[in-house]
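Here's the letter readout for the chains.
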Amino acid sequence: DTGVSQDPRHKITKRGQNVTFRCDPISEHNRLYWYRQTLGQGPEFLTYFQNEAQLEKSRLLSDRFSAERPKGSFSTLEIQRTEQGDSAMYLCASSLAQVVGLAKNEQFFGPGTRLTVL
Amino acid sequence: SQQGEEDPQALSIQEGENATMNCSYKTSINNLQWYRQNSGRGLVHLILIRSNEREKHSGRLRVTLDTSKKSSSLLITASRAADTASYFCATVANSGGGADGLTFGKGTHLIIQP
């Protein structure tokens, strides 16, 4: 399967614990995005990388959230000191950088990691 | 914050009928995309329409875009039970340079009754 993969698919944690999620994008894609989706809502953009550079992080929900993509391939999203309000689906997506003649920013999503904070 | 607003929020039709969903957005866009999400699964890209296009077809899908009204519609013809899902429109800002994240609406939940 050459799609976007995420691990774990489900995570249950206690309030105050740290959690880390992993995303493996489509191999030739150089852009990687993280989104959060709560029940009944559309995904909400959090941050994105082009190769290893994090080009947008102002949308991260608080300083408890951080993301890395150290070698420009897989990425991790960490939430420190989790709160019950962090319970949501965390989605990862990848895309190719804009190429002349192609539309901008067609993204391919992974299955998501569902986080439950007790 | 979410820019797009889909209408209706929920739609239930009989199998074989056509389903129409609408989306409104607020800012200037480069393109508008429609995604489908089945219960408990990830988002699947359906179709993309550029800001200089007015209509696009893909199989049983027809998308229109009216940039003067900042609105788009998705038509699914000859609906099937497997079309039951939530449908989201997503926009890409028309800002130069980098690829901003997609801005999604709240979605339309479509139920196809057998």
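Quantities reported herein were computed from a predicted structural model and do not represent experimental measurements.

Right, let's get into the nonpolar core. Leu32(B), Trp34(B), Leu74(B), Ile76(B), Tyr87(B) and Leu110(B) are the most contacted members of the largest nonpolar core, which totals 22 residues. Looking at this core, the elements with two or more residues in it are strand S2 (10-14), strand S3 (19-24), strand S4 (29-37), strand S5 (43-50), strand S7 (61-66), strand S8 (71-76), strand S9 (85-93) and strand S11 (108-113) of chain B. Listed in part, the 19 residues of the second largest apolar core include Val19(A), Phe21(A), Leu32(A) and Tyr90(A).

Residue and element names in this part refer to chain A. Where burial is concerned, the two faces of strand S7 (residues 65-68) differ: the one with Phe65 and Ala67 is buried and the one with Ser66 and Glu68 is not. Bridging between S7 and strand S8 (residues 75-79) involves four bridges; their strand directions are antiparallel. Following the sheet pairing, Ala67 is matched in S8 by Leu77. Between S7 and S8, which pair antiparallel and follow one another directly, the connecting turn spans six residues, one of which, Gly72, has a positive phi of 75°.

It is worth spelling out the environment of Leu102(B) at this point. Residues and elements named next belong to chain B. For Leu102, the position within the fold is in the loop between S9 and strand S10 (103-104). Residue Leu102 is classed as buried on the basis of its relative accessible area, which comes to 1%. When the C-alpha positions of Leu102 and Thr91 are compared, they lie 5.6 Å apart, and in sequence the two are 11 residues distant.

Bringing the sheet that holds S7(B) into the picture now. Residues and elements named next belong to chain B. Spatial ordering of the open sheet is given by S1-S3-S8-S7-S6, a layout of five strands whose pairing is antiparallel. The outermost strands of the open sheet, each flanked by one partner alone, are strand S1 (5-7) and strand S6 (55-58). Taking each pair of neighbouring strands and ignoring which way they run, the sheet shows an average axis angle of 15°. Examined bridge by bridge, S6 and S7 share four bridges and lie antiparallel to one another. Of the residues in S7, the one forming a bridge with Ser58 is Leu61.

Reading the values: rules and limits
Residues numbered from 1 in each chain as written. Chains lettered and ligands numbered in written order. Predicted model: local features only at pLDDT ≥ 70, side-chain atom pairs only at ≥ 80, totals over all residues. Heavy atoms only, no water. Core = buried A, V, L, I, M, F, W, Y, C linked by side-chain atoms within 4.5 Å. Buried < 20%, exposed > 50% of the residue type's maximum accessible area, 1.4 Å probe, protein only. Helix = DSSP H or I, 4+ residues; strand = E, 2+ residues; numbered from the N terminus. Pairing = 2+ DSSP bridges. Axes fitted to C-alpha atoms, helices over the stretch in contact; angles between N-to-C directions.

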